[in-house]
Amino acid sequence: MTLKVGKIVLALVAALALAWETASAQSYTVTEIGPLAGESNVVHKVNFSGQFVGGSGTPDGSNTRAFVSTGTGDLQVIGVLPGGDYSESFAINHAGDVAGSANTAATVHAFLWTRSSGTQDLGALRGDNGSQAFGLNDAGHVVGVSSGKNGIHAFLWTRSTGMQSLGVLLGGKASQAFGINNSDSVVGVSTTENGDRPFLWTRSGGMQNLGVLGSDQHSRALAINDSGQVVGSSTGPTGTHAFLWSAPAGMQDLGTLGENLSEALSINNSGQVVGVSQTSLGARAFVWTATGGMQNLNALIPTTSGVLLTTALGINDAGRIVAIGSVNHDNANDRPADLDDGHHAGPIHAFLLMPTGH
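For the structure given in this document, a descriptive report is provided here. (Residues numbered from 1 in each chain as written. Predicted model: local features only at pLDDT ≥ 70, side-chain atom pairs only at ≥ 80, totals over all residues. Heavy atoms only, no water.)

Okay, the overall build of the protein chain next. For the protein chain, the helix and strand inventory stands at 1 helix and 30 strands. Each of the 358 residues in the protein chain was classed as buried or not, and the buried ones make up 50%. Excluding contacts between residues fewer than 6 apart, the proportion of contacts in the protein chain whose partners are at least 24 apart in sequence is 41%. Carbon and sulfur atoms form 53% of the exposed surface of the protein chain, whose accessible area is close to 16,100 Å². (Helix = DSSP H or I, 4+ residues; strand = E, 2+ residues; numbered from the N terminus. Buried < 20%, exposed > 50% of the residue type's maximum accessible area, 1.4 Å probe, protein only. Contact = heavy atoms within 4.5 Å. Areas by Shrake-Rupley, 256 points an atom, 1.4 Å probe, with all protein chains shown as cover.)

Right, here's the structure in full:
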């Protein structure tokens with residue numbers, strides 16, 4: 001009898017803990033961001049004001065055009081460079097300036113767009129013929145990758161100095177930059193003799209190797225906040241895991257939602273992290289906090305929304321999240337409403353998630 005009562009008590013405690021966790025978890029409203037040039041939308045980043053950027057086109061990626069949201073929530077097409085037919089915006093700062101990539105008649109170049117000056121072609125490193133921009137800070141400094149006969153190198157661009165190479169890690173031959181904070185600290189990935197490694201570049205210290213989780217072989221850094229916290233992923237024999245790195249604590253494994261695959265894509269100044277993790281049912285968007293750990297964002301939106309969030313790509317300091325996924329989803333059973341096997345192809349949909357109570 002004692003054992004039976006004990007089991008009942010333990011079950012009640014577990015149920016109460018789960019109920020408390022569910023009740024105390026942050027919930028979100030979800031709004032679809034309508035496509036511009038075609039049937040599919042991808043949204044990459046969101047700034048503090050809630051403006052977001054991305055690309056809109058057809059499901060196969062053709063006819064893609066960069067966009068930025070206006071103050072009224074409408075989407076504005078940024079357009080293309082002369083002779084081009086493709087553009088996509090990847091970063092936005094507090095002022096609403098946008099960085100991205102667009103093609104010309106001969107190649108692809110990084111661009112910076114502002115409402116006052118329009119689109120500026122940032123060119124490429126000396127001797128190179130192509131470039132892409134992935135990060136932008138409030139000073140209008142842009143980071144990305146330049147490629148050509150000299151190889152593939154991470155760059156930092158400013159109005160005063162133009163485009164400069166950030167180099168590579170010891171023993172490396174190639175690098176790419178993905179994120180920059182307001183101190184001009186840059187993160188990305190560089191090859192080394194031992195595999196790909198995430199780097200942190202600063203003006204005073206140059207390029208620093210951030211290492212890997214455990215005995216993993218490869219890793220990369222994708223975003224950095226103003227406190228110097230870095231997120232990305234580390235890959236080894238057992239899979240790929242999202243990580244959070246800081247100077248005091250080093251690299252921390254953020255776990256997964258079930259399967260052995262996750263990647264952190266963005267972090268805000270409160271240390272909230274978003275990204276994607278694989279589950280038995282497929283890719284699912286997540287949000288991670290120091291107190292709540294990794295949570296499936298689909299469990300934090302209304303079950304009647306019909307939305308499936310597969311990847312969360314950006315989070316701002318107000319906790320607003322931009323994500324991609326699909327519609328017509330049976331959220332209660334986590335499967336497409338029109339199919340039983342959970343697998344279907346269709347256009348990509350973009351969404352803006354707003355924390356409730358904000």
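The biggest cluster of nonpolar side chains holds 19 residues, and the ones touching the most others in it are Ile 33, Val 43, Phe 52 and Val 322. Counting residues in hydrophobic clusters, the runner-up holds 17 residues, among them Leu 300, Ile 301, Phe 351 and Leu 353. (Core = buried A, V, L, I, M, F, W, Y, C linked by side-chain atoms within 4.5 Å.)

To continue, consider unusual backbone geometry. The backbone of Asp 184 sits at a positive phi, close to 65°, despite the residue not being glycine. Among the residues examined, Asp 184 registers a relative accessible area of 9% and is labelled buried.

To continue, consider the packing of aromatic side chains. Overall, the coordinates contain 2 aromatic pairs when judged by the stated rule. With a centroid separation of 5.4 Å and an interplanar angle of 70°, the aromatic rings of Phe 90 and Phe 134 are classed as edge-to-face. Linking Phe 90 in strand β6 (residues 87-92) with Phe 134 in strand β10 (residues 128-136), this pair joins segments that are 44 residues apart in sequence. Overall, the relative accessible area of 13% leaves Phe 90 in the buried class. (Phe/Tyr/Trp six-rings, centres within 6.5 Å; stacked < 30°, edge-to-face > 60°.)

To continue, consider the sheet that holds strand β21 (residues 250-253). Strand order in the open sheet formed by 4 strands is β18-β19-β20-β21, and the pairing between neighbours is antiparallel. Where the open sheet ends on each side, the last strands, each with one partner, are β18 (218-224) and β21. Strand-to-strand twist in this sheet, taken as the mean axis angle between neighbours without regard to direction, amounts to 30°. Pairing geometry for strand β19 (residues 230-236) and strand β20 (residues 239-246), over 7 bridges, is antiparallel. Its bridge partner being in β20, Val 231 is matched across the sheet by Leu 244. (Pairing = 2+ DSSP bridges. Axes fitted to C-alpha atoms, helices over the stretch in contact; angles between N-to-C directions.)

This next bit is on the side chain of Arg 197. Tracing the sequence through the fold places Arg 197 in strand β16 (residues 197-202). Buried and unpaired, Arg 197 has no salt bridge, with Asp 196 as the nearest side chain of opposite charge at 7.0 Å. In terms of polar contacts, Arg 197 uses its side chain to reach the backbone carbonyl oxygen of Gln 217, at 2.5 Å. Sequence-distant contacts of Arg 197, defined by excluding residues within four places in its chain, comprise Leu 169, Gly 188, Val 189, Ser 190, Thr 192, Asn 209, Gly 211, Val 212, Asp 216, Gln 217, His 218 and Ser 219. (Lys, Arg positive; Asp, Glu negative; His and termini not counted. Salt bridge = Lys/Arg side-chain N within 4 Å of Asp/Glu carboxyl O. Polar contact = N/O pair within 3.5 Å; in protein donor to acceptor, adjacent residues only side chain to side chain.)

Take the sheet that holds strand β8 (residues 108-114) next. Strand order in the open sheet formed by 4 strands is β6-β7-β8-β9, with antiparallel pairing between adjacent strands. Edge positions in the sheet fall to β6 and β9 (118-121), since each of these pairs with one other strand and no more. Ignoring which end each strand starts from, the neighbouring axes of this sheet average 30° apart. Alignment of β6 against strand β7 (residues 98-103), held across 5 bridges, turns out to be antiparallel. Pairing of Glu 88 across the sheet is with Ser 101, part of β7.

With that out of the way, let us pick up the pairing of β20. Judged by how many residues are buried, β20 sits mostly within the fold: 8 of 8 residues are covered. Across the two faces of β20 the burial is the same, with Gly 239, His 241, Phe 243 and Trp 245 and Thr 240, Ala 242, Leu 244 and Ser 246 all buried. Between the end of β19 and the start of β20, which pair antiparallel, lie 2 residues. Pairing geometry for β20 and β21, over 4 bridges, is antiparallel. Residue Ser 246 lies in a different strand from β21, and its bridge partner there is Gly 250. In textbook terms, the turn of a hairpin is the stretch between consecutive antiparallel strands, and for β20 and β21 this stretch comprises 3 residues.

Another aspect to go through is the environment of Asn 181. Counting through the fold element by element, Asn 181 comes out in the loop between β14 (175-180) and β15 (186-190). The spacing of Asn 181 and Ala 223 is 42 residues in sequence and 8.5 Å in space, taken between C-alpha atoms. Among the polar contacts listed, one links the side chain of Asn 181 to the backbone nitrogen of Ser 183, at a separation of 3.0 Å.

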